[in-house]
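Now for the letters of each chain:
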Amino acid sequence: MNAQELIDTARTLVAGDKGLLAMDESNSTCNKRFAKLGIPQTEEARRAYRELIVTTPGLGECISGAILYDETIRQQKKDGTPFVKAIIEAGIIPGIKVDTGAKDMAGHPREKITEGLDGLRDRLKEYLEIGARFAKWRAVIAAGDGLPSRGCIEANAQALARYAALCQESGLVPVVEPEVLMDGDHTLERCREVTEEVLRRVFDQLYTQRVTLEAMILKPNMVLPGLTCAKQETVDEVADATVRCLLRVVPAAVPGIAFLSGGQSGELASARLNAMHVRSKSPNSRLPWALAFSFARAIQQPALEIWRGEESHILAAQQALYHRASCNRAARRGEYNAAMERI
Ligand code: 5MM
């Protein structure tokens, strides 16, 4: 694949008012979410749930790309149709999570380093053959209580950049996801400070590793107060802090930024994304990149809670999934409002 094809794919992923659906929970994460709802933690239950998602009527109206997990990209619908084929037929670009998880970092208590670089070139080749056109790697950074350390930021930034370079060499668009976690009582200002520092280091490494910025997507956290921080800023304050932070550090060559939801409720994630777009319509706005979404929980959670492993709940769960996806589509146009939640 040539560079122009990669650039075109990256632009398509963030074009118009669509966004990405992260459905790349590893088996352990998926099983934990199933266990909470009493759903069997089996390969068949995970397959059935992913079939529910990819066959949701109209999903391609709101979703440009779906991020899959290794198990899912090899699975089929009950009728034998490969998920990848079903996704493409729905007008959605298939993607794949390629990191092998965030592991305890040696010498850095309470911090994680994301692994998966060994053998990555061969795995990317196989995923491309299966049909993936983009990939995703997530680094996890804890904020507050003396964290993060310089060592953790630098090691994760370098791994993200080496992954991104390998993706582009292999013909896949890298989605670069450095996540500053919401866990803790840190303030919004602390999250902004850490997010800015992390993104600076990530773009420094992307430059060092010769990654083509035009052919990648950034998947960052929004700038938010910690979950247990006493002061929780308003939707507009979060939107302003997030956009201000990104303007300082994300080069204009990057075609798009697709936020993770990170544990926000679906409604709040939509409202905050919407507020960024309402502001971007003002005459003084100067956003150089598309602002999209790449949510997992903020799109899937209500559907999962309705489904609970019951075949008779599939239609209602699909309606809930479509609803959240369309709320985020509306947010990308700056047209989301709370009344949409009462429909
Ligand atoms: C932060 O997690 C990513 C986005 O999900 P949310 O919108 O729910 O925050 C998500 O793509 C994540 O990377 C995958 O679900 C894989 O997670 P695990 O922990 O299973 O590797």
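Relevant structure appears above.
Let us look at the structure shown here.

Criteria and cut-off values
Within every chain, residues take consecutive numbers counted from 1 along the sequence as written. With the structure being a predicted model, the display of local features is reserved for residues of pLDDT at least 70 and the display and counting of side-chain atom pairs for 80 or more, all residues being used for whole-chain, interface and lining totals. Values shown for side chains rest on all heavy atoms present in the structure; no hydrogens or waters enter the calculation. Should DSSP find at least two bridges between two strands, the strands are taken to pair. Each helix corresponds to a stretch of at least 4 residues labelled H or I by DSSP, and each strand to a stretch of at least 2 residues labelled E; elements are numbered beginning at the N terminus. Between two residues, a contact is recorded if the distance between any of their heavy atoms is within 4.5 Å. Helix axes are fitted only over the stretch in contact, all axes being lines through C-alpha atoms; the angle between N-to-C directions runs from 0 to 180 degrees. Note on ring pairs: Phe, Tyr and Trp rings are taken, using the six-membered ring of Trp, and paired if centres are within 6.5 Å. Classes follow the plane angle, with under 30 degrees stacked, over 60 edge-to-face and the rest tilted. Relative accessibility decides the category of a residue: with a 1.4 Å probe and only protein chains considered, values under 20% of the type maximum give buried, values over 50% give exposed, and everything between is partly exposed. One fewer than the residue count of a helix, multiplied by 1.5 Å, yields its expected span. The criterion for a residue being near a molecule or strand is simple. One of its heavy atoms has to lie within 4 Å of it. Each polar contact in these results corresponds to two N or O atoms within 3.5 Å; when the atoms are within protein, one needs to be able to donate a hydrogen and the other to accept it, and residues that are neighboring in sequence are counted only if both atoms are side-chain atoms. The protein chains shown are the only cover counted for residues, whose accessible areas, like all others here, come from Shrake-Rupley with a 1.4 Å probe. For classification purposes, angles smaller than 35 degrees are called roughly parallel, those larger than 145 roughly antiparallel, those between 65 and 115 roughly perpendicular, and all remaining angles oblique. When the near helix sits turned anticlockwise from the far one by under a right angle, the crossing is termed left-handed; a clockwise turn instead gives a right-handed crossing. Throughout, the ten residues Ala, Val, Leu, Ile, Met, Phe, Trp, Tyr, Cys and Pro are labelled nonpolar, Asp, Glu, Lys and Arg are labelled charged, and all others, Gly among them, are labelled polar. Crossovers are described as right-handed under a simple rule: with the strands pointing away from the observer, the path leading from the first strand over the helix to the second runs clockwise.

Brief notes about the sheet that holds strand β7 (residues 173-180)
Part 1 of the reasoning: Pairing is parallel in the closed barrel, where 8 strands are placed in the order β1-β2-β3-β6-β7-β8-β9-β10.
Part 2 of the reasoning: The sheet contact formed by strand β6 (residues 134-141) and β7 spans 8 bridges and is parallel. Following the sheet pairing, Ala 135 is matched in β7 by Pro 174.
Part 3 of the reasoning: Of the strands in this sheet, β6 and β7 are in contact with helix α7 (residues 150-170), which crosses β6 at around 180°.

Here's the deal with the packing of aromatic side chains
Part 1 of the reasoning: One pass over the full model with this rule turns up 5 aromatic pairs.
Part 2 of the reasoning: Centroid distance Tyr 49 to Trp 307: 5.3 Å. Interplanar angle 25°. Geometry classified as stacked. Taken as a pair, Tyr 49 in helix α3 (residues 43-54) and Trp 307 in helix α11 (residues 297-307) lie far apart in primary sequence, 258 residues in all. You'll find Tyr 49 and Trp 307 in the same group, each marked buried.
Part 3 of the reasoning: Here the aromatic residues Phe 34, Tyr 49 and Trp 307 are joined through ring pairs into a cluster of three or more.

Topic: α7
Part 1 of the reasoning: For α7, spanning 21 residues, the distance from its first C-alpha to its last is 30 Å, which sits close to the expected 30 Å at 1.5 Å a residue.
Part 2 of the reasoning: Among the residues trailing α7, Gly 171 stands out with phi positive, at a value near 90°.

Let's talk about the site of the ligand
Part 1 of the reasoning: Close contacts around the ligand come from 17 residues, with Ser 26, Thr 29, Lys 136, Ser 261 and Gly 262 the closest.
Part 2 of the reasoning: Between the ligand and Ser 26 there is a distance of 2.5 Å, counted from an oxygen atom to a side-chain nitrogen or oxygen.
Part 3 of the reasoning: Within the side chain of Arg 297, an N or O atom sits 2.7 Å from an oxygen atom of the ligand.
Part 4 of the reasoning: Relative to its free-state accessible area of 510 Å², the ligand is covered by the protein chains to the extent of 91%.
Part 5 of the reasoning: At the level of secondary structure, the elements contributing two or more residues to the shell around the ligand comprise β6 and β7.

Here we look at the packing of α11 against helix α12 (residues 314-332)
Part 1 of the reasoning: Two elements in contact, α11 and α12, have axes separated by 8 Å at closest approach and are oriented at 165°. Taken together, the axes of α11 and α12 lie roughly antiparallel to each other. Here α11 runs over α12; the crossing is right-handed. Facing α11, whose interface residues are Ala 298, Ile 299, Gln 300, Pro 302, Ala 303, Ile 306 and Trp 307, α12 presents Ile 314, Ala 316, Ala 317, Ala 320, Leu 321, Arg 324, Ala 325 and Asn 328.
Part 2 of the reasoning: Along the lines of polarity and charge, the residues of the contact of α11 with α12 split into 12 nonpolar, 2 polar and 1 charged.

Regarding the packing of helix α9 (residues 235-249) against helix α10 (residues 266-280)
Part 1 of the reasoning: Put simply, α9 and α10 touch, their axes get as near as 8 Å, and they point 65° apart. As α9 runs across α10, the sense of the crossing is right-handed. Here Val 235, Asp 236, Val 238, Ala 239, Asp 240, Thr 242 and Val 243 of α9 come into contact with α10, specifically with Leu 268, Ala 271, Arg 272, Ala 275, Met 276 and Arg 279.
Part 2 of the reasoning: Here the residues of the contact of α9 with α10 sort into 8 nonpolar, 1 polar and 4 charged.

Focus: α11
Because the α-helix completes a turn every 3.6 residues, residues three or four places apart line up on one side.
Part 1 of the reasoning: Inspection of α11 places Ala 298, Ile 299, Gln 300, Ala 303, Leu 304 and Trp 307 among the buried residues, and these make up the whole buried set.
Part 2 of the reasoning: Within two residues after α11, Arg 308 carries a phi angle of roughly 45°, on the positive side.

Some words on the side chain of Lys 219
Part 1 of the reasoning: For Lys 219, the location among the structural elements is in the loop between β8 (217-218) and α9.
Part 2 of the reasoning: We classify Lys 219 as buried; its relative accessible area is 2%.
Part 3 of the reasoning: A polar side-chain atom of Lys 219 sits 2.9 Å from a polar atom in the side chain of Ser 294.

Digging into the pairing of β6
Part 1 of the reasoning: Within β6, 7 of the 8 residues are buried, which leaves it mostly tucked inside the rest of the structure.
Part 2 of the reasoning: Here 3 bridges tie strand β3 (residues 93-97) to β6, and the two strands are oriented parallel to one another. Looking across to β6, one finds that Gly 95 is bridged to Phe 134.
Part 3 of the reasoning: Handedness of the crossover is the feature at issue here: the chain leaves β6, passes through α7, returns alongside β7, and the resulting connection is right-handed.

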